[in-house]
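# Overview (structure and organization)
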Amino acid sequence: TLGGGVAYTYVRVTGKAQYYVTDGVDGMPETGGALMAFGFDYALADKTTVYAVYGAADNDSGAAFSATGVATTDKVIPSAGENACGAAIGVIHDF
């Protein structure tokens, strides 16, 4: 697996992008895939930020990587070989 991400902030806007790729499981052909995500944060105030993010997983015929990652409990897992994508918008407020 190889990948990385970048973020750049200009005034109140932060742009973010990530890309990861894997060859899959050794000895099991067509189990690799790639994940791409990008998004923007906009600081409305010192403690309030709105955000938008889009992610897409490009799976080989034997892979079933999700675009939502592993940090959520309601992850949707595609069938093997199917690609996945997802988007989110939201508000973060620190109390």
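What comes next concerns the included structure. All values derive from a computational prediction rather than experimental measurement.

### With respect to the packing of aromatic side chains
The geometry of an aromatic ring pair is captured by two quantities: the separation of the ring centres and the angle between the planes. Taken as a whole and judged by the stated rule, the model has one aromatic pair. With 5.7 Å between their ring centres and 50° between their planes, Phe38 and Tyr54 make a pair best called tilted. Here the residue Phe38 occupies a position in strand β3 (residues 33-43), and Tyr54 occupies one in strand β4 (residues 48-59), the gap between them amounting to 16 residues. On the basis of relative accessibility, which here comes to 40%, the residue Phe38 falls in the partly exposed class.

### Quick notes on the environment of Gly3
By the element assignment, Gly3 lies in strand β1 (residues 2-10). With relative accessibility at 46%, the residue Gly3 sits in the partly exposed group. Spatially, the C-alpha atoms of Gly3 and Phe38 are 14 Å apart, while their sequence positions differ by 35 residues. Look past the residues within four positions of Gly3 in its chain and what remains in contact with it is Tyr19 and Tyr20.

### Regarding the layout of surface pockets
The computed volume of the largest pocket comes to approximately 380 Å³. Surrounding the largest pocket, 20 residues form its lining, Ala37, Val53, Tyr54, Gly55 and Ala67 being those nearest its centre. Classifying every residue of the lining of the largest pocket gives 13 nonpolar, six polar and one charged.

What counts and how
Residues numbered from 1 in each chain as written. Predicted model: local features only at pLDDT ≥ 70, side-chain atom pairs only at ≥ 80, totals over all residues. Heavy atoms only, no water. Phe/Tyr/Trp six-rings, centres within 6.5 Å; stacked < 30°, edge-to-face > 60°. Helix = DSSP H or I, 4+ residues; strand = E, 2+ residues; numbered from the N terminus. Buried < 20%, exposed > 50% of the residue type's maximum accessible area, 1.4 Å probe, protein only. Contact = heavy atoms within 4.5 Å. 1 Å grid on protein atoms, 1.4 Å probe; cavity = no way out; pocket = protein on both sides within 12 Å on 5 of 7 lines; lining within 4 Å. Points joined across faces, edges and corners; volume = space filled by probe spheres on them. Nonpolar A, V, L, I, M, F, W, Y, C, P; charged D, E, K, R; others polar.

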